[in-house]
Amino acid sequence: MHLSKKIKLIIVICFISILNTQNLSALENKILFKVDNEIITTIDIHEEIKFLKAFNPGINSLGDEELFEISKNSLIRDKIKKIELMKYVKELKVNDKFLLNLIKGKFSRLSIDSIKDFEQYLKNKELNIENIKEKFTVELMWNDLIYQKFSNKVIIDKDKIKNEISQNSKKKLQKELLLSEIIFNVVNKDDFDDKYNKILSDIEKIGFKKAALIHSNSETASNGGLIGWIKEDNLNQSLKKIVSKLKPGQFSKPIRTSSGFIIIQVEDEKEYVSKFNLEDKIDEVTRFKRDEQLNQFSSMYLNKLKNNLIIYGL
């Protein structure tokens, strides 16, 4: 057996023992991975699994190795971001107002209206409050870093946007889509075939959301790939052409983007009466396209950092 496979097997066996340990204080806290000067321990894995289960109940039915992969990938992403952020700041800190806005956006179904409400929710789930707050703080600061680094590279053609809006403005009924995604990267065609076939197999066996948790390297991965409700006419023309042919429950073939390949699923759809105001709509589409490009820059930058770091234990 290859050495790296032996190491992975040992780690997975260790991880299974974690899942069978109910008492956190009884865990032997071993270092499983090292990302630069940041370590990932058995307790980190234990806490990450608890966090993911608290906000994605559907993963409870996944096997031990799948849970291991999800938690490992999530923690490694967080560690890479933290390492990069600490090159620019002395401490990880954001205003509670911004933290609350992020929490409300991510978990609107929980009806959390204050940081205290969120802390109580975490306490009820027996989660480490400070660790989870740091996780979200890293996400907010990372988004700010990406904006500072790449906002001047965002390309927005407002004339094109205006023309597209004018063409769609004749339709009174507009469509809004609930979308999810799986974003993945590959090295070559053989790698693409292997990865895509594995994703397809897992979608068939365990569903799109769980497959996204396992395979997607997007920021949405920890939320089952959920993007949210998107107005169809905000999508770029090439993506809109593909997505408009999908019915709820269907997903696209891999679509090449600057940050890798994306598979889009339409979860649900609804129609709404468009209250048309040209300037407001231009601003709305501009914000959407800006955020879309910044997300792609974020994925590319994260992949670049990961490739430049040695991650021990993999």
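Within any chain, residue numbers begin from 1 and follow the written order of that chain's sequence. Local features are withheld for residues below a pLDDT of 70 in this predicted model, meaning they are given only at 70 or higher, and side-chain atom pairs are given and counted only at 80 or more; totals for whole chains, interfaces and linings count all residues. Each side-chain value is derived from all of the structure's non-hydrogen atoms; neither hydrogens nor water enter the calculation.

J.: Even after reading the chapter, I still don't get the overall build of the protein, so can you show me in this structure?
T.: Assigned secondary structure in the protein consists of eleven helices and seven strands. When accessible area is computed with a 1.4 Å probe and restricted to protein chains, residues below 20% of their type maximum are described as buried, those above 50% as exposed, and intermediate ones as partly exposed. Across the 314 residues in the protein, those meeting the buried criterion constitute 44%. Working rule for contacts: check all heavy atoms of both residues, and any pair within 4.5 Å makes them a contact. Within the protein, contacts between residues separated by at least 24 positions form 73% of all contacts whose residues are at least 6 apart in sequence. Surface accessibility in these figures is a Shrake-Rupley result with a 1.4 Å probe; residues are shielded only by whichever protein chains are displayed. Entry remark: accessible area of the protein is about 17600 Å², with carbon and sulfur atoms responsible for 50%. Secondary structure counts use DSSP, requiring at least four H or I residues in a row for a helix and at least two E residues in a row for a strand, with both numbered from the N terminus.

J.: How do you make sense of the packing of aromatic side chains when you look at a structure like this?
T.: By convention here, two paired aromatic rings are described through the distance between centres and the angle between planes. Only Phe, Tyr and Trp rings take part, Trp by its six-membered ring, and two of them pair if their centres are within 6.5 Å. Stacked means planes under 30 degrees apart, edge-to-face means over 60, and tilted covers everything else. Tallying each qualifying case throughout the model produces 14 aromatic pairs. Relative to Phe 261, the ring of Phe 184 lies with its centre 5.7 Å away and its plane at 20°, an arrangement referred to as stacked. Placement of Phe 184 in strand β3 (residues 173–184) and of Phe 261 in strand β6 (residues 260–273) is noted, with a sequence separation of 77 residues between them. Using a relative accessible area of 1% as the deciding quantity, one classes Phe 184 as buried. Sitting over the face of the ring of Trp 229, Lys 270 holds its NZ or CZ atom 4.3 Å from the ring centroid. We call a charge positioned over a ring when the NZ of a Lys or the CZ of an Arg lies within 6 Å of the ring centre and within 35 degrees of the ring normal.

J.: Is there a simple way to think about the pattern of salt bridges in this case?
T.: As a working rule, side chains carrying opposite charge can pair if their charged atoms are close by. What counts as a salt bridge is simple: a side-chain nitrogen of Lys or Arg found within 4 Å of a carboxyl oxygen of Asp or Glu. Under the criterion given, the structure shown has 18 salt bridges. In this structure, Lys 135 and Asp 78 form a salt bridge, with 2.5 Å as the shortest nitrogen-oxygen distance. On the criterion of sequence distance, the pair formed by Lys 135 in helix α6 (residues 129–150) and Asp 78 in helix α3 (residues 64–85) is long-range, its members being 57 residues apart. Take Lys 135 and Asp 78: they sit in the same class, and that class is buried. One network of salt bridges, in which partners are shared, links Glu 38, Lys 79, Lys 82 and Glu 134.

J.: Quick question: what am I supposed to make of α3 here?
T.: For an α-helix the count is 3.6 residues per turn, leaving residues at separations of three or four pointing the same way. With 22 residues, α3 extends 32 Å from end C-alpha to end C-alpha; this agrees with the ideal 32 Å at 1.5 Å per step. Of all 22 residues in α3, 18 are buried, a share of seventy percent or more. For a helix, the expected span equals 1.5 Å multiplied by the residue count minus one.

J.: Explain the confidence of the model for the protein here, please?
T.: Regions with low pLDDT should not have their predicted coordinates read in detail. Confidence of the prediction at every residue is given by pLDDT, a number between 0 and 100. Within the protein, residue pLDDT values average 85, and 89% of them lie at 70 or more. Taking the mean pLDDT of every element in the protein, the minimum, 50, falls on helix α1 (residues 3–19) and the maximum, 94, on α6. Throughout residues 1–7 the model reports pLDDT below 50, and contacts reaching past four residues in sequence, or to other chains, amount to three contacts.

J.: Sorry if this is basic, but what is going on with the pairing of strand β1 (residues 31–35) here?
T.: Sheet faces and side chains relate simply in a regular strand, where the side chains alternate between the two faces. Across four bridges, the pairing between β1 and strand β2 (residues 38–41) is antiparallel. Looking at β2, one finds that Val 35 is bridged to Glu 38. At least two bridges found by DSSP between two strands is the condition for calling them paired. Counting the residues that bridge the hairpin from β1 to β2 gives two residues, and of these Asp 36 lies at a positive phi of roughly 55°. Pairing geometry for β1 and strand β7 (residues 311–312), over two bridges, is antiparallel. Within the sheet, the bridge partner assigned to Lys 34 lies in β7 and is Tyr 312.

J.: Help me out: how do you make sense of the sheet that holds β6 in this one?
T.: Strand pairs in the sheet, formed through backbone hydrogen bonds, run parallel or antiparallel to each other. Here four strands make up an open sheet; going across it, the order is β4-β3-β6-β5 and the pairing antiparallel. Because the sheet does not close on itself, it has two edges, and the strands there are β4 (226–231) and β5 (255–257). Here the strands of the sheet are splayed against their neighbours by 40° on average, with no regard to which way each runs. Where β3 meets β6, twelve bridges bridge the pair, whose relative direction is antiparallel. Residue pairing across strands places Phe 184 opposite Phe 261, the latter belonging to β6. Here the axes come from fitting lines to C-alpha atoms, over the contacting stretch only for helices, and the angles between their N-to-C directions go from 0 to 180 degrees. Relative to the sheet, helix α8 (residues 189–206) contacts β3 and β6, its axis offset from that of β3 by approximately 120°.

J.: Hey, could you run me through the nonpolar core in this one?
T.: Across soluble globular proteins, nonpolar side chains show a tendency to be buried alongside one another. Judged by nonpolar contacts, the single largest core of 49 residues is most densely connected at Phe 55, Ile 103, Phe 118 and Phe 136. Secondary structure elements with two or more residues in this core: β1, α2 (42–55), α3, α4 (96–106), α5 (115–124), α6, α9 (208–215) and α11 (278–308). Broken down by element, the residue count for this core peaks at nine residues, all from α6. Apart from residues no more than four positions distant in its own chain, Phe 136 is found in contact with Phe 51, Leu 99, Leu 102, Ile 103, Lys 106, Phe 107 and Phe 118. Side-chain atoms within 4.5 Å are what join buried Ala, Val, Leu, Ile, Met, Phe, Trp, Tyr and Cys residues into a set we call a nonpolar core. Core analysis: the next-biggest nonpolar cluster, separate from the first, contains 13 residues, Ile 183, Ile 230, Leu 239 and Ile 262 among them.

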